[in-house]
Amino acid sequence: MKKRIFSIYLPQFHPIPENDLFWGKGFTEWHNVASAKPQFEGHYQPHFPGELGYYDLRVQETMEDQAELASSHGIDGFLFYHYWFHGNPVMSIPLQNYLKHQKNKLPYFFCWANENWTRRWDGGETDVLLSQDYDPEETEKHLSYLFQYFNDPQYLKINNCPVLVVYKPLLIPDLEKWVDKVRSYCKRNNYPGIYLIYMLHQGQDNGATVTASGFDSALYFEPSYGTLPFHKYKLTLFDKIGKLAHLMKLKNQLPLVYRHNRIEYEDYVRYRMSKRPEESFKVFPMVFPSWDNTCRRKKGGGNIFVGSDPSKFKTWLKSVFTQYRSYTEEENLVIINAWNEWAEGNHLEPCVKWGRQYLEAVKEVVEENREQVSMTRLQGPNSTNNAGSK
């Protein structure tokens with residue numbers, strides 16, 4: 001059965017009033033990306049963008065080029081991060097352009113990034129810049145705004161219901177009541193309901209909450225660290241001294257001001273391929289090509305996956321295609337994190353170092369899977385080679 005690949009898309013790369021206020025006039029995450037520095041010998045930083053350059057997502061042609069690049073390499077669509085605070089969308093210009101003006105529009109759906117905005121970039125409670133509001137009236141206003149996208153023929157539907165991912169469901173007070181309200185609103189507005197996907201952060205979320213709260217399925221967020229038995233960071237003596245200095249606020253007295261955690265990408269991938277969790281609910285898989293958020297965490301505390309490359313990424317993606325069986329013709333999603341998370345060193349978009357090699361890896365896996373599915377259908381249901389199909 002066919003699997004559909006959607007890649008997470010960050011609509012950050014254009015100036016917005018909020019970033020002007022918080023970070024300075026004209027700020028986008030390109031400022032973080034371009035200012036990154038290697039933290040140890042062989043550390044791949046900065047990540048220089050390749051053929052698309054340091055783009056501005058207010059320019060319509062940029063998203064046209066992105067869609068063409070994605071579709072020509074086997075990617076079916078985008079999973080856009082969506083931001084909403086106190087009755088207003090944030091970073092909405094690219095998404096509005098995609099809705100109203102995109103010529104070669106791929107299918108898409110939204111992940112509501114329902115964390116507070118903070119200066120730590122991680123949704124924590126320290127130095128909150130924009131906070132979330134879960135008041136019932138706010139929820140209705142939010143849904144009313146989303147319906148312009150839900151009604152777009154290219155917006156992803158499952159069982160005729162618009163699909164919405166919630167990034168951190170446990171942050172929502174009275175989650176079950178919120179789910180009921182959202183479903184009821186959609187039913188009052190000409191849909192059978194809404195297809196809700198719970199973003200499951202392994203080691204943080206309780207999987208039982210997925211079904212208890214009324215979500216239709218879940219999506220594993222990658223990377224997740226909480227359940228890894230081998231998760232012992234490779235720190236040198238100098239790393240340990242620097243980390244201690246950072247904790248003791250001695251960074252002005254010692255030159256070691258960076259303290260980041262290093263994880264072997266290959267070890268992580270091998271563990272994930274061998275320990276795919278068995279859940280009692282529907283859960284879609286996610287993979288990521290690389291990860292390094294040190295340009296956001298210049299003072300320490302970043303996570304660096306070392307040794308990542310297109311070949312290892314292809315191995316993981318191919319394993320997912322082999323192990324993961326689609327639930328139905330529509331419930332067949334594979335998510336790649338991410339299309340353009342440049343400040344997390346996590347992107348399929350071409351970079352100077354790798355060019356299009358990550359995209360080529362995706363294309364190769366998709367084409368190999370297509371050949372296998374075609375061969376299975378030719379052989380028929382009684383073939384001994386047909387065990388993996390549905």
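Conventions used here
Residues numbered from 1 in each chain as written. Predicted model: local features only at pLDDT ≥ 70, side-chain atom pairs only at ≥ 80, totals over all residues. Heavy atoms only, no water. Buried < 20%, exposed > 50% of the residue type's maximum accessible area, 1.4 Å probe, protein only. Helix = DSSP H or I, 4+ residues; strand = E, 2+ residues; numbered from the N terminus. Pairing = 2+ DSSP bridges. Expected span 1.5 Å × (residues − 1). Core = buried A, V, L, I, M, F, W, Y, C linked by side-chain atoms within 4.5 Å. Contact = heavy atoms within 4.5 Å. Phe/Tyr/Trp six-rings, centres within 6.5 Å; stacked < 30°, edge-to-face > 60°. Axes fitted to C-alpha atoms, helices over the stretch in contact; angles between N-to-C directions. Parallel < 35°, antiparallel > 145°, perpendicular 65-115°, else oblique. Nonpolar A, V, L, I, M, F, W, Y, C, P; charged D, E, K, R; others polar.

**Student:** Which parts of the structure should I look at to understand the pairing of strand S14 (residues 303-306)?
**Tutor:** The side chains of a regular strand alternate, first on one face of the sheet and then on the other. Residues Asn-303 and Phe-305 line one face of S14 and the alternating positions Ile-304 and Val-306 line the opposite face, and both faces are buried. Relative to S14, strand S11 (residues 261-264) runs parallel, the two sharing four bridges. By the bridge assignment, Glu-264 is partnered in S14 with Val-306.

**Student:** In this structure, what is going on with helix H3 (residues 60-71)? I would like to understand it.
**Tutor:** Think of an α-helix as turning once every 3.6 residues; residues three or four places apart then point the same way. Helix length check: H3, at twelve residues, gives a terminal C-alpha distance of 17 Å against a target of 16 Å (1.5 Å per residue), a fit within 8%. Within the sequence span of H3, burial applies to Gln-60, Thr-62, Met-63, Glu-64, Gln-66, Ala-67, Leu-69 and Ala-70.

**Student:** What is the right way to look at unusual backbone geometry in this model?
**Tutor:** A cis geometry characterises the amide bond from Glu-222 onward to Pro-223, with omega recorded as 0°. Mapped onto the elements, Pro-223 comes out in the loop between strand S10 (217-220) and helix H8 (237-247). Backbone geometry places Asn-159, a non-glycine residue, at a positive phi of 55°. Inspection of the secondary structure assignment puts Asn-159 in the loop between strand S7 (157-158) and strand S8 (161-166). Of note, Asp-174 is a non-glycine position whose phi angle comes to about 50°, a positive value. Inspection of the secondary structure puts Asp-174 in the loop between S8 and helix H6 (175-188). Under the relative-accessibility criterion, Asp-174 is labelled exposed at 56%.

**Student:** Would you take a moment to explain the pairing of strand S1 (residues 4-9) for this structure?
**Tutor:** Burial analysis of S1 places six of its six residues in the buried class, the great majority of the element. Pairing between S1 and strand S15 (residues 333-336): four bridges, direction parallel. Looking at S15, one finds that Phe-6 is bridged to Ile-335. Of the pairings in the sheet, the one linking S1 to strand S2 (residues 77-85) comprises four bridges and is parallel in character. Pairing of Phe-6 across the sheet is with Gly-77, part of S2.

**Student:** Any chance you could explain the nonpolar core here in plain terms?
**Tutor:** Nonpolar side chains tend to gather and get buried jointly when the protein is soluble and globular. Membership of the largest hydrophobic core comes to 114 residues, with the highest contact counts inside it found for Phe-109, Trp-117, Trp-178 and Phe-313. Element by element, the count of residues in this core is highest for S2, at seven residues. Beyond its immediate chain neighbours, meaning those up to four positions away, Trp-178 contacts Trp-112, Thr-139, Val-166, Ile-172, Leu-196 and Phe-215.

**Student:** How do you make sense of the packing of aromatic side chains when you look at a structure like this?
**Tutor:** In this description, an aromatic ring pair is defined by two values, namely the gap between the centres and the angle between the planes. Evaluated as defined, the whole model comprises 44 aromatic pairs. The interplanar angle of 40° and the centroid separation of 5.3 Å between the aromatic rings of Trp-84 and Tyr-145 together place this pair among those described as tilted. Highlighted residues: Trp-84 in strand S2 and Tyr-145 in helix H5 (residues 136-150), separated in sequence by 61 residues. For the pair Trp-84 and Tyr-145, a shared accessibility class is recorded, and that class is buried.

**Student:** Just to check I follow, could you spell out the packing of helix H4 (residues 93-101) against H5 for this structure?
**Tutor:** What describes two packed helices is the angle between their axes and the distance between those same axes. Between H4 and H5, whose axes approach to 10 Å, the crossing angle comes to 45°. It follows from the interaxial angle that H4 and H5 lie oblique. Contacts between H4 and H5 pair Leu-95, Gln-96, Leu-99 and Lys-100 from the former with Tyr-145, Gln-148 and Tyr-149 from the latter. Grouping the constituent residues of the contact of H4 with H5 by class yields four nonpolar, two polar and one charged.

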